[in-house]
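Per-entry structural report
Letter by letter, the chains look like this.
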Amino acid sequence: MNYLSTRGHADRKRFCEILLEGLAPDGGLYLPETYPQVDTATLAKWRTLPYAELAFEILSLYIDDIPAADLKAICAKTYTAEVFGTDEIVPLRELEDGVYLEALSNGPTLAFKDMAMQLLGNLFEYELARRGAELNILGATSGDTGSAAEYAMRGKKGVRVFMTSPDGRMSPFQQAQMFSLQDANIHNIAITGVFDDCQDIVKAVSNDLGFKRKYRIGTVNSINWARLLAQVVYYFAGYFQATASNDKPVSFTVPSGNFGNVCAGHVARMMGLPIQTLVVATNENDVLDEFFRTGVYRVRAAVDTHETSSPSMDISKASNFERFVFDLVGRDADRLRQLFVDDLGLTGSFDLSADPAFQLAAERFGFRSGRSTHADRLAMIRDTEKRFATLIDPHTADGLKAAREQLTPGVPMVVLETALPIKFAATVVEALGEEPARPKKFEGIEALPKRVVQLPADAEAVKAYIAQHCD
Ligand SMILES: *Cc1c(COP(=O)(O)O)cnc(C)c1O
């Protein structure tokens, strides 16, 4: 399997080459040259596989530069009941007739990002050992991504994590999750400033090519193809749990921000998994809902990006969206560049409303969308607690609201649960007047010793800190 760039660069690469890379050299995103097709006989064979073996089967269609036995061992080591809480790994729960929640949030940090990041940690350790290389991951987080990355990389050989976060701006639970890690290879850096300052620092350090090379700086952001690939697996696992045979269609609703999660659903559908509809759920930051309603993709300025009660979906542009648009325009790299480089660069938007390709988003690719508000989330959390005795988090509430607007009789609708309510307790308390239950392993974490340094919002200070901690 070879990988190409959405922007038409001539190079073709193998999986392990793009594993440790971010963007392609021309600024595009990597995609496989073709989507491997899964026929009904294969689906029948996969239906009864344990999750780790299913992951191995799917990953091996895309990874041909890791020996099969090694890849199998990596999957087996990653997807265990010990790490994810159950043998099913992603158990499905029926809420009401035909509406299901797929639990993706029982990993170490209680959000779905663990599903991919835990695999990435093991792939990184494997590949770095094979090359005799080291990697220093520099990131910026306002919560979920940073903690998932730290829990995936802690104690891993060859990897250090330097994670910046805005000082005092994460929830106490999220702070405690990250700062209580005592592993020598994990560095928490609290920046005096806001999340944008942290992102600017990461950009400034990455743009210093001399520094980047010398200190082998890398990232784990959501455009990494390996993360997306790991997420394809739970669409298959959810499908098998929601159906008794492989001729039945299923729809999925996905609380969306950077379009990574739902893009994995798109890949599963392109492989031939019988997915009828993929519903993109957004909050008040409705860049994606606007596109699927109107054909206009309009990135937002920082001032137009709302701080909401589903903060992991507060995006101004969706960094994985380019992958889907590439397929939408028939994999025409010239057209893609016109949209994402020329139009977006010039006007901050592009308009496909008059392009026949836009009709295909719904008709051929099965996309629908929905949007919710703070009041919708509160109502959805209350309703779900009252009618089904089930607590959901605000992001999953955005999903459930959009899902209910897109139901088709006879077609199961699977809503992806992207975080546990305890991570966003303040909103759950606002909705229900009570604290969500906390898994045992997190009891009292706020009182644990914290490992964090404070630095000013200054890239030079962060560089000096990295240099000092790299031998
Ligand atoms: C990251 C995240 C999302 C958004 O996922 P994307 O892959 O960026 O679309 C939704 N909900 C939660 C809880 C998240 O952490």
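Let me begin by describing the structure that accompanies this report. (Residues numbered from 1 in each chain as written. Predicted model: local features only at pLDDT ≥ 70, side-chain atom pairs only at ≥ 80, totals over all residues. Heavy atoms only, no water.)

Here the focus is the pairing of strand 6 (residues 159-166). With eight of eight residues buried, strand 6 is to be regarded as a mostly interior element. Here strand 5 (residues 135-140) runs beside strand 6; their pairing, made up of six bridges, is parallel. Within strand 6, the residue paired with Ala140 across the bridge is Thr164. In this view, the connection linking strand 5 to its parallel neighbour strand 6 by way of helix 7 (residues 144-153) has right-handed handedness. Here strand 6 pairs with strand 7 (residues 186-192) via six bridges, running parallel. Across the sheet, residue Thr164 finds its bridge partner in strand 7, namely Ile189. Note that the unit made of strand 6, helix 8 (residues 172-179) and strand 7 has a crossover that is right-handed. (Buried < 20%, exposed > 50% of the residue type's maximum accessible area, 1.4 Å probe, protein only. Helix = DSSP H or I, 4+ residues; strand = E, 2+ residues; numbered from the N terminus. Pairing = 2+ DSSP bridges. Right-handed = clockwise from strand over helix to strand, strands pointing away.)

This paragraph deals with the pattern of salt bridges. Throughout the structure, instances matching the rule amount to 30 salt bridges. When the shortest N-O distance is used, the salt bridge between Lys423 and Asp144 registers 2.9 Å. Taken together, the residues span a long stretch of sequence, with Lys423 in the loop between strand 14 (413-417) and helix 19 (425-432) and Asp144 in helix 7 at a distance of 279 residues. The burial state of Lys423 is the same as that of Asp144; both residues are buried. Asp355 is the partner of Arg335 in a salt bridge, and the nearest nitrogen-oxygen pair spans 2.6 Å. Separated by 20 residues along the polypeptide, Arg335 in helix 15 (residues 333-347) and Asp355 in the loop between strand 12 (349-351) and helix 16 (356-363) bring together distant segments of the chain. A relative accessible area of 18% places Asp355 in the buried class. In this structure, a network of salt bridges that share partners links the residues Asp286, Glu290, Arg298, Arg300 and Arg371. (Salt bridge = Lys/Arg side-chain N within 4 Å of Asp/Glu carboxyl O.)

Around the ligand, 15 residues are found, and the nearest of them are Lys113, Asp144, Gly257, Asn258 and Asn261. The separation between an oxygen atom of the ligand and a polar main-chain atom of Asn258 is 2.8 Å. Between an oxygen atom of the ligand and a main-chain N or O atom of Phe259, the distance comes to 3.1 Å. If the ligand stood free it would expose 390 Å²; the protein chains cover 96% of that surface. Here the residues of the shell around the ligand are counted per class, giving five nonpolar, eight polar and two charged. Built from parts of two domains, the shell around the ligand gets at least three residues from each of domain 1 (3-85 + 111-224 + 451-470) and domain 2 (92-108 + 228-432). (Near = heavy atom within 4 Å. Polar contact = N/O pair within 3.5 Å; in protein donor to acceptor, adjacent residues only side chain to side chain. Areas by Shrake-Rupley, 256 points an atom, 1.4 Å probe, with all protein chains shown as cover. Nonpolar A, V, L, I, M, F, W, Y, C, P; charged D, E, K, R; others polar. Domains from an automatic or database assignment.)

Any functional reading would require information that these geometric values do not contain.
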